[in-house]
Amino acid sequence: MGAVVNISLPVMGVWMFGYGSLIWKIDFPTIRRVTGYVSGYHRTMEWADEVHRGVPGQQSRTAAIFRSEDPTERVWGVAYEISQDYWDRVLEEKVGYRERGGYNTDDVEFHQFDANATTVKDKIIVTLFLGDKSSPNYKPGTIDELAHHIVRAIGASGTNLEYLYQTAESVRMILPPGETDKHLFDLEAACKALEMKEKQKYTLKTETVHLDEKYENRREMLLKIFKTVDKNMDRQMGLPEFQNLAINKLNLNESMESIKEKFNAIDVDKNGKLSTREFIEYFLAELQEEEKEFKDEYAKFGSHMTN
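Not measured: the values here are computed from a predicted model. (Residues numbered from 1 in each chain as written. Predicted model: local features only at pLDDT ≥ 70, side-chain atom pairs only at ≥ 80, totals over all residues. Heavy atoms only, no water.)

**As for the overall build of the protein chain**
Scanning the protein chain from N- to C-terminus turns up 8 helices and 12 strands. When each of the 307 residues of the protein chain is scored for burial, the buried share is 46%. When contacts within the protein chain are restricted to residue pairs at least 6 apart in sequence, long-range pairs at least 24 apart make up 70% of them. Accessible surface, the protein chain: about 16,500 Å² in total, of which carbon and sulfur atoms supply 49%. (Helix = DSSP H or I, 4+ residues; strand = E, 2+ residues; numbered from the N terminus. Buried < 20%, exposed > 50% of the residue type's maximum accessible area, 1.4 Å probe, protein only. Contact = heavy atoms within 4.5 Å. Areas by Shrake-Rupley, 256 points an atom, 1.4 Å probe, with all protein chains shown as cover.)

**Concerning the confidence of the model for the protein chain**
In the predicted model, the protein chain carries a mean pLDDT of 80, and the fraction of residues at 70 or more is 79%. Here residues 4-11 is a poorly scored stretch, pLDDT under 50, and it has 27 contacts once near neighbours within four places are set aside; other chains count. Note on residues 205-213: pLDDT is under 50 here. Beyond four places in sequence and across chains, it has 14 contacts. (pLDDT = per-residue confidence, 0-100.)

**Some remarks on the pairing of strand 5 (residues 60-67)**
Within strand 5, 7 of the 8 residues are buried, leaving the element largely enclosed by the surrounding structure. As paired elements, strand 4 (residues 41-49) and strand 5 share 7 bridges and run antiparallel to each other. Note that in strand 5 the partner of T44 across the bridge is A64. (Pairing = 2+ DSSP bridges.)

**Description of the packing of aromatic side chains**
Here the structure, examined in full by the defined rule, presents 12 aromatic pairs. Between W76 and F113, the aromatic rings sit 5.6 Å apart at their centres with planes inclined by 90°, giving edge-to-face as the arrangement. Taken together, the positions of W76 in strand 6 (residues 74-82) and F113 in the loop between strand 7 (103-112) and strand 8 (124-131) put the pair 37 residues apart, joining distant regions of the chain. For F113, a relative accessible area of 45% translates into the label partly exposed. The interplanar angle of 55° and the centroid separation of 4.9 Å between the aromatic rings of F279 and F283 together place this pair among those described as tilted. Placement of both F279 and F283 in helix 8 (residues 276-299) is noted, with a separation of 4 residues, approximately one turn of the helix. Residue F279 is classed as buried on the basis of its relative accessible area, which comes to 1%. Pairwise contacts between aromatic rings join F226, F279, Y282 and F283 into one cluster. (Phe/Tyr/Trp six-rings, centres within 6.5 Å; stacked < 30°, edge-to-face > 60°.)

**Some remarks on helix 3 (residues 160-174)**
For helix 3, with 15 residues, the first-to-last C-alpha span of 22 Å sits near the 21 Å given by 1.5 Å per residue. Listing the buried residues of helix 3 in full gives N160, L161, Y163, L164, Y165, T167, A168, S170, V171 and I174. (Expected span 1.5 Å × (residues − 1).)

**Thoughts on the pattern of salt bridges**
A complete count under the given rule lists 12 salt bridges for this structure. In this structure, R53 engages E162 in a salt bridge whose closest nitrogen and oxygen atoms are separated by 2.6 Å. In this pair, R53 is assigned in the loop between strand 4 and strand 5 and E162 in helix 3, connecting sequence segments 109 residues apart. Judged by relative accessible area, which is 4%, R53 ranks as buried. Here E162 falls in the partly exposed class, since its relative accessible area comes to 27%. (Salt bridge = Lys/Arg side-chain N within 4 Å of Asp/Glu carboxyl O.)

**A short note on empty space enclosed by the protein**
In total, this model carries 1 cavity of 30 Å³ or more according to the counting rule given. Approximately 130 Å³ is the volume attributed to the largest cavity. Taken together, 15 residues line the largest cavity, and the ones lying closest to its centre are L161, E195, L223, K227 and R235. Put simply, the parts of the chain that give the lining of the largest cavity at least two residues each are helix 2 (143-152), helix 4 (182-199) and helix 5 (215-229). The residue inventory of the lining of the largest cavity, partitioned by class, reads 7 nonpolar, 2 polar and 6 charged. (1 Å grid on protein atoms, 1.4 Å probe; cavity = no way out; pocket = protein on both sides within 12 Å on 5 of 7 lines; lining within 4 Å. Points joined across faces, edges and corners; volume = space filled by probe spheres on them. Nonpolar A, V, L, I, M, F, W, Y, C, P; charged D, E, K, R; others polar.)

**Here we look at the packing of helix 3 against helix 4**
Packing of helix 3 against helix 4 brings their axes to within 10 Å, and their N-to-C directions diverge by 140°. The orientation of helix 3 with respect to helix 4, classified from their angle, is oblique. As helix 3 packs across helix 4, the resulting crossing turns out to be left-handed. Contacts from L161, L164, Y165, T167, A168, V171 and R172 of helix 3 reach helix 4 at L184, F185, L187, E188, C191, K192 and E195. In terms of residue class, the contact of helix 3 with helix 4 is made up of 9 nonpolar, 1 polar and 4 charged. (Axes fitted to C-alpha atoms, helices over the stretch in contact; angles between N-to-C directions. Parallel < 35°, antiparallel > 145°, perpendicular 65-115°, else oblique. Left-handed = near helix turned anticlockwise from the far one by under 90°.)

**Thoughts on the nonpolar core**
Counting residues in hydrophobic clusters, the biggest one holds 49 residues, and the most contacted among them are V38 and C191. Broken down by element, this core gets its largest block of residues, 7 residues, from helix 3. Core analysis: the second largest hydrophobic core is formed by 19 residues, I154, M237, A246 and F279 among them. (Core = buried A, V, L, I, M, F, W, Y, C linked by side-chain atoms within 4.5 Å.)

**Digging into the environment of E92**
If you trace the backbone, E92 turns up in helix 1 (residues 84-99). Assessed through its relative accessible area of 38%, E92 is described here as partly exposed. With 78 residues separating them along the chain, E92 and V14 place their C-alpha atoms 9.9 Å apart.

Structure follows, in structure tokens:
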């Protein structure tokens, strides 16, 4: 999530304020990165999403900013300086699509607090996209209720847990002594405890996993399979773990070299590790293709397929 910042410095055009995933994950060129905060607002993980980190029927919970009754309350984040040209050509439409639905706006000052960055002498006035509590995307809950959503949700961009853990750790890295984000860190602790508790349930009861679930259940099933070999709970799978899974759990009748080739094919990022997203998307596609081939072959004999 992010916000747009217009400043008066002649060599700069637009800034963006990251308070969620934009703190740790950006996909656009920047001129500079500055940490700091805005006052009079608070951040919560109560914004429902069913695209990036969730799906219909299993929504995720992501970060949103709301006005605070305490004018001294701070939201810490990162401001990115963007060239006016790139903003006009690319980002304005992208941010408008991503941020405007269900949001109000406030123009506030961004306070720089970054010992490693050159001080911006003029005021940086940011236009914050604020969560609207009357929006259907606003899903308030207790820490435990939010944790139960987050532990299970996964979408096109990956797991909701990755989003939470990356955001919490990134905020922790920029906070000066004496500052905290109680909601975010309490939720992080609750999710880790719940993840550990639920992981104990994810034991495969048979030596072979039969991938015969309907599509709407397959994503959850594949997530459970991934968790059975994710021993250190870092949401990544190395080649040895994948080989063990392929031979001892999935019962793939393939050579070690063939399994290694499959691992490399799944490893889209080419970092020697399979993320949860890479693993699930690959096998979902494989399952769909196998099902299509079976139906096509079966249909050749004039038989009627049944659901």
